[in-house]
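# Architecture at a glance
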Amino acid sequence: MSTSPVASWLELSERAYATNVATFRAVAGPARVGAVLKGNAYGHGLQETLSLAHGRVDVLYVITPAEAVAIRAWEGQHHRPRSEVLVIGAVSASDCVELARLHVSVVAADRGFADAVPALRAAGLKLDVHVHLDTGLGREGFTRAGLEAGEADFFASAKDVVTVKGALSHFANTEDVTEQDYARTQLNNFEAGVKVLQARAGVEADVERHFAASAAALVLPPSRLDVVRVGISMYGLWPSAETRLSARVVLGALPALEPVLSWKAPSQVVKWLPAGSYVGYGCTYRCASETRVAVLPVGYWDGYPRLASGKAHVLVNGRRCAVIGRVMMNHLIVDVTHATKDDQPVVATLLGRDGEEQVSMETIAGWAQTIHYETMTRLGPHLRRVVVP
Ligand SMILES: *Cc1c(COP(=O)(O)O)cnc(C)c1O
């Protein structure tokens, strides 16, 4: 009798992660290489991913103050030196005070950031800041009009507590296209915006510039600037098919990206269902012949999309096995008639490689009619995550 829990688990490959870091160092160098750990490290698990990323990359990017606090706590527990950490999401004045104490840098993205200045003075703390410019995404960041109306002028008189270390922006349309015209326009807007910051806000000319996420870092060399902020591709996935196509052209060959994550589930039971049996809620599937099924203790609660019902397969003993009937909250039923010789428990690979076969996150996202960014970040934080060499 096995004593391991009857529950699915995620495996993170340290070798794959190291390969992806090396790929970005080779492709984007001499730019520094940063890793984006938002969204529970794209579903990989913040803690487990820190054990792979910390010390391997130059900067850690997160969205929320809580994620930055968790990184500092992890460093304390593991007796590791402080990494450079930048919160790229929204911060309140009190967040700024707490993050200044932890030596975490934050992004100032709109005029509301001025509220942090008196709070920092009152606390007697200094904060390193990167100024976000909206160059055409329409999301956060000072617009050109806002800069010219003086929205960022307060930085010039806040130098006692705020040091502007960087300027950044984010692309709107790099992974959906193979022509990077819009991105080039955004790059031009960025340089123009930095000039306004220099003239009006007292920002130094040699401020650290960063713009590129995975796609731009791979396919748009002028976007690499001083540091690249690599999210999805540090986990070994291409941002899109278009990016992959462009990379072949721009780089001459496809750089190595290896998926870091696999997802496995033990069966809770393997059994035969007679011909004519119905399977799952709604009786949407009926066995045409006697069918050996494996019931897997994993479902949409864990992040396996219900929209994959009727389309998905998993791998058992190197063979594709159809997911039959609907994906349930805590269960999947798969047809293992030809994948196993007896009724002993099996281990199914929901994501990753088994022998010659592979299920990618792009494939799962396709079944669910969405993108892999979404299916990855929907992986339940409760799942057991194991780092393997
Ligand atoms: C998410 C994000 C990234 C990383 O994007 P990927 O496409 O996953 O590489 C970089 N910068 C900002 C501001 C982001 O929000």
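Residues numbered from 1 in each chain as written. Predicted model: local features only at pLDDT ≥ 70, side-chain atom pairs only at ≥ 80, totals over all residues. Heavy atoms only, no water.

So, about the domain arrangement of the protein chain. Domain parsing of the protein chain yields domain 1 (14-251) and domain 2 (261-388). The C-alpha-based centres of domain 1 and domain 2 are spaced at 37 Å. Counting residues at the interface gives 16 residues for domain 1, matched by twelve residues for domain 2. Where domain 1 abuts domain 2, roughly 1200 Å² becomes buried across the two surfaces, and 62% of that area is made up of carbon and sulfur atoms. Joining domain 1 to domain 2, the criterion identifies five residue pairs in polar contact (both at pLDDT 80 or more). Mapped by element, the contributors of at least two residues to the side of domain 1 that touches domain 2 are α2 (38-42) and α3 (46-53). Of the residues contributing to the side of domain 1 that touches domain 2, the split by class is seven nonpolar, six polar and three charged. (Domains from an automatic or database assignment. Contact = heavy atoms within 4.5 Å. Buried area = accessible area lost by both parts, 1.4 Å probe. Polar contact = N/O pair within 3.5 Å; in protein donor to acceptor, adjacent residues only side chain to side chain. Helix = DSSP H or I, 4+ residues; strand = E, 2+ residues; numbered from the N terminus. Nonpolar A, V, L, I, M, F, W, Y, C, P; charged D, E, K, R; others polar.)

Another point: unusual backbone geometry. In this chain, Gly29 is followed by Pro30 through a cis amide linkage whose omega measures 5°. Take Pro30: it is sitting in the loop between α1 (14-28) and β2 (32-36). The backbone of Leu225 shows a phi angle near 45°, a positive value even though the residue is not glycine. Residue placement: Leu225 occurs in the loop between α9 (214-219) and β9 (227-230). Since its relative accessible area comes to 28%, Leu225 is described here as partly exposed. (Buried < 20%, exposed > 50% of the residue type's maximum accessible area, 1.4 Å probe, protein only.)

Lining the immediate environment of the ligand, one finds 13 residues, of which Lys38, Tyr42, Ser214, Ile232 and Tyr373 sit closest. Between an oxygen atom of the ligand and a side-chain N or O atom of Lys38, the distance comes to 2.7 Å. For the ligand, an oxygen atom lies 2.8 Å from a polar atom in the backbone of Ile232. (Near = heavy atom within 4 Å.)

Turning next to a nonpolar patch on the surface. Nonpolar side chains collect at one region of the surface, where Val249, Val250 and Leu251 lie side by side and expose about 250 Å² of accessible area between them. Relative to the helices and strands, Val249 is located in helix α10 (residues 241-251). Exposure remark for Val249: the relative accessible area of 68% places this residue in the exposed category. (Patch = residues over 30% accessible without salt bridge, like charges linked within 9 Å, V, L, I, M, F, W, Y side chains within 5 Å. Areas by Shrake-Rupley, 256 points an atom, 1.4 Å probe, with all protein chains shown as cover. Salt bridge = Lys/Arg side-chain N within 4 Å of Asp/Glu carboxyl O.)

Attention shifts here to the state of the cysteines. Applying the stated criterion across every chain yields a total of zero disulfides. Cys287 provides the cysteine sulfur closest to Cys283, a residue in no disulfide bond, and the two sulfurs are 11 Å apart. (Disulfide = S-S within 2.5 Å.)

Looking now at the nonpolar core. Counting 117 residues, the largest nonpolar core has Leu37, Phe113, Phe155, Val162 and Tyr304 as its most contacted members. The element that contributes the greatest number of residues to this core is helix α8 (residues 181-201), accounting for seven residues. Apart from residues lying up to four places away in sequence, Leu37 is in contact with Leu46, Thr49, Leu50, Leu60, Tyr61, Val62, Glu67, Ile71 and Tyr235. In this structure, Val293, Ile324, Met328 and Ile333 belong to the second largest nonpolar core, which totals eight residues. (Core = buried A, V, L, I, M, F, W, Y, C linked by side-chain atoms within 4.5 Å.)

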